[in-house]
Amino acid sequence: MCAAQEAESDADDPASAESETESTAPEPAPTAPYDDRLIRLSEIVGSVHYLRELCNAQSDRQWRELMRDLIEAEAPEPDRRARLTAAFNRGYRSFASVYTDCTPAATAAEARYRSEGATLASEIIARFGN
């Protein structure tokens, strides 16, 4: 059999194609069992960060720094880091699109989100460790 025929017969072999696909496909990034909760917490931190800056009329870096520390503590893979960052930004932007002035509703939303975030953080720690 000539080299061209061997290459052609290999291409027709589904097992051969499968093994090539399996070996070249990137493995999915590992995730923690609490990632969904962590993503939600990231959104909450982003929301609170925006609302605190809006209502305090000054730069409140505390929440951005909290998110940075959370990402560093998790030491995530690049894909996981990107998901956490995107969630933070999504939370920030969702309130930026609704509130341009500090209103009683914005203040109430900030308090609710801080409460939800504290509860969520406590649940993550209680269930999955520190």
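The rules behind these values
- Residue positions are given per chain, counting from 1 as you read along its sequence in written order.
- The predicted origin of the model limits local features to residues at a pLDDT of at least 70 and limits the giving and counting of side-chain atom pairs to 80 or more, whereas totals for whole chains, interfaces and linings rest on all residues.
- Hydrogen atoms and water are omitted, and side-chain values are computed over all heavy atoms in the structure.
- Secondary structure counts use DSSP, requiring at least four H or I residues in a row for a helix and at least two E residues in a row for a strand, with both numbered from the N terminus.
- Remark: exposure states derive from per-residue accessible area (1.4 Å probe, protein chains only) relative to the maximum for the residue type, with buried under 20%, exposed over 50%, and partly exposed in between.
- It only takes one pair of heavy atoms within 4.5 Å for two residues to be counted as in contact.
- Cysteine sulfur atoms that come within 2.5 Å of each other are treated as a disulfide pair.
- You can read pLDDT as the predictor saying how much it trusts each residue, on a scale of 0 to 100.
- Here a Phe, Tyr or Trp ring, Trp counted by its six-membered ring, pairs with any other such ring whose centre lies within 6.5 Å, and the pair is stacked when the planes are under 30 degrees apart, edge-to-face when over 60, and tilted otherwise.

Trainee: How would you sum up the side chain of serine 42? Please name residues and give values.
Mentor: Tracing the chain through its elements places serine 42 in helix α3 (residues 35–56). By relative accessible area, serine 42 is classed as buried at 0%. Apart from residues no more than four positions distant in its own chain, serine 42 is found in contact with Met67, Leu70, Leu84, Ala87 and Phe88.

Trainee: Describe the state of the cysteines, listing the residues and the values that go with them.
Mentor: On inspection of all chains with the given rule, the structure shows one disulfide. The disulfide partner of cysteine 55 is cysteine 102, and the gap between their sulfur atoms is 2.1 Å. Here the S-S torsion is close to 100°, and the disulfide linking cysteine 55 with cysteine 102 is therefore right-handed. Pair noted here: cysteine 55 is in helix α3 and cysteine 102 is in the loop between α5 (78–96) and α6 (104–128), with a separation of 47 residues, a long-range link. On the basis of relative accessible area, cysteine 102 is assigned to the partly exposed category, the value being 39%.

Trainee: With reference to specific residues and values, describe the confidence of the model for the chain.
Mentor: Within the chain, residue pLDDT values average 79, and 72% of them lie at 70 or more. Overall, residues 1–23 carries pLDDT values under 50, and its contacts beyond four positions in sequence, including any with other chains, amount to three contacts.

Trainee: Run through the packing of aromatic side chains, naming residues and quoting values.
Mentor: One pass over the full model with this rule turns up four aromatic pairs. Geometrically, the ring pair formed by tyrosine 50 and tyrosine 92 is edge-to-face, given 5.1 Å between the ring centres and 85° between the ring planes. Placement of tyrosine 50 in helix α3 and of tyrosine 92 in helix α5 is noted, with a sequence separation of 42 residues between them. Ring geometry for phenylalanine 95 and tyrosine 113: centres 5.1 Å apart, planes at 85°, overall edge-to-face. Taken together, the residues span a long stretch of sequence, with phenylalanine 95 in helix α5 and tyrosine 113 in helix α6 at a distance of 18 residues. Ring pairing ties together the aromatic residues Phe95, Tyr99 and Tyr113, which thus form one cluster.

Trainee: How would you sum up the environment of threonine 119? Please name residues and give values.
Mentor: Here threonine 119 shows up in helix α6. Considering only alpha carbons, one finds threonine 119 and leucine 41, 78 residues apart in sequence, at a separation of 9.7 Å.

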